[in-house]
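# An overview of the molecular structure
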Amino acid sequence: MNKFKIFACVILLLFAVTVLYAQDKKVDRAAVPFSDPSKPGMIEASVHNGAITVKGYNGKEVIVEARVRGQLLSKEKEVSEQVKGMKRIIGIPITGLTIEEKENVMEVSTASMKNTVDLTIQVPFNTSLELSSHNNGDITVENITGEIEVNHHNGKLTLTNISGAVVAHTFNGAILVTFNKIDPEKPMSFSNWNGDIDVTFPQDLKANVKIHSELGDIYSDYEISLTQSPQKQEKDKRKEGGKYRIAFDKSIYGTINGGGQEIQFKTFHGNILIRKAK
């Protein structure tokens, strides 16, 4: 093979890789305003497979990007006799991005079960969030002053520069949260099954805390005044063929700086770290 043919093959190979890369990085993008930009809005965002990243910014519109992650071409697989001899058609990957807004509530979702789709959303600082994902990505939130509810099945939750209230749950993954301020009128909760829970609060935090780690340890920068765990009693159902049961809660109860709204921390296999901002 002469040099010209070798050069031509290299060019064709690079072209093919570039096309596949461009298709692999399929991105859908939209900027959507809230009905009333003068009031705080709510974002409800969900993906089945993928990551969610939300960042607060000094703007009025919600800017959404949905990006396909992963290979365009799948591995060869065995086919049935019914389709042997036929060519398998593989389309361009899609995000299935859908955005609906009504009365300052914006729903953002993807509808692509075959592809992993990552969402990146820019929102005004004072936006509240309800976020959920199932697999193949973490959830990250930055610079938000509204209320936040985050649910994940397999993934890490990282929330930084938060001023408000948080309810965060993931089945399998660490939870890392850093507050600038908290809403003293709102209770909060941080829970998972497997992974550390690491939360940093303002120095002047006032809270009633309920803390439980089945197999991990608990650490705190604050002095926690311990209180008696309440006794729980199951209703007597013996007349209905049931059983009578008394259970004592294994959680640690206490107060920080005299007490305030309740904050719960619960994990099965992980440490709990309650930090005081420096």
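Above this note sits the structure.
How each quantity is defined
Here the residue index of a chain counts from 1 through its sequence in written order. Only residues with pLDDT of at least 70 are given local features in this predicted model, and only at 80 or more are side-chain atom pairs given and counted; all residues enter the totals for whole chains, interfaces and linings. Side-chain measures were taken over the full set of non-hydrogen atoms in the model, leaving aside hydrogen atoms and water. When DSSP finds at least two bridges between two strands, those strands are taken to pair. Strands here are runs of E lasting at least two residues and helices are runs of H or I lasting at least four, both read from the DSSP assignment and numbered beginning at the N terminus. Axis definition: a line fitted to C-alpha atoms, over the contacting stretch in the case of helices. Angles run 0 to 180 degrees between N-to-C directions. Any carboxyl oxygen of Asp or Glu that lies within 4 Å of a side-chain nitrogen of Lys or Arg is treated as forming a salt bridge with it. Burial classes follow relative accessibility: with a 1.4 Å probe on protein chains only, a residue under 20% of its type's maximum area counts as buried, one over 50% as exposed, and anything between as partly exposed. The aromatic pairing rule takes the rings of Phe, Tyr and Trp, using the six-membered ring of Trp, and pairs them if the centres are within 6.5 Å, calling planes under 30 degrees apart stacked, those over 60 edge-to-face and the rest tilted.

A few words on the sheet that holds strand 8 (residues 128-133). An order of 5-6-2-8-10-12-14-22-16-21-18 is seen for the 11 strands of this open sheet, with the pairing classed as mixed. Each edge of the open sheet is held by one strand with a lone partner, namely strand 5 (98-102) and strand 18 (224-227). Taking each pair of neighbouring strands and ignoring which way they run, the sheet shows an average axis angle of 15 degrees. Sheet topology places strand 18 next to strand 21 (residues 252-256); 4 bridges connect them, and they run antiparallel. When the bridges of strand 21 are listed, Thr227 appears paired with Tyr253.

The final tally for this structure, using the stated rule, is 8 salt bridges. Put simply, Glu65 and Arg29 hold a salt bridge, and the shortest N to O gap is 3.1 Å. One end of the pair, Glu65, is in strand 4 (residues 61-69); the other, Arg29, is in strand 1 (residues 27-33), and 36 residues separate them in sequence. A relative accessible area of 26% places Glu65 in the partly exposed class. Assessed through its relative accessible area of 54%, Arg29 is described here as exposed. Notably, a salt bridge pairs Lys210 with Asp249, separated by 3.6 Å at the nearest N-O pair.

This part covers the pairing of strand 3 (residues 52-57). Side chains of strand 3 alternate between two faces, with Ile52, Val54 and Gly56 buried and Thr53, Lys55 and Tyr57 left unburied. With 6 bridges connecting them, strand 3 and strand 7 (residues 116-124) associate as parallel partners. Looking at strand 7, one finds that Lys55 is bridged to Gln122. Direction of pairing for strand 3 relative to strand 9 (residues 139-144): parallel, over a ladder of 4 bridges. Within strand 9, the position partnered with Thr53 by the bridge is Thr140.

Following the criterion strictly, the structure yields 7 aromatic pairs and no others. Considering the side-chain rings of Phe179 and Phe201, the 5.3 Å spacing of their centres and the 10 degrees angle between planes classify their relative orientation as stacked. Placement of the pair is Phe179 in strand 13 (residues 175-182) and Phe201 in strand 15 (residues 197-201), with a sequence separation of 22 residues. Seen in terms of ring centroids, Phe190 and Phe265 are 5.5 Å apart; in terms of plane orientation they differ by 20 degrees. Their pairing is stacked. One end of the pair, Phe190, is in strand 14 (residues 188-194); the other, Phe265, is in strand 22 (residues 261-267), and 75 residues separate them in sequence.

Note that every value here comes from positions in space, so none of it alone points to a role or purpose.
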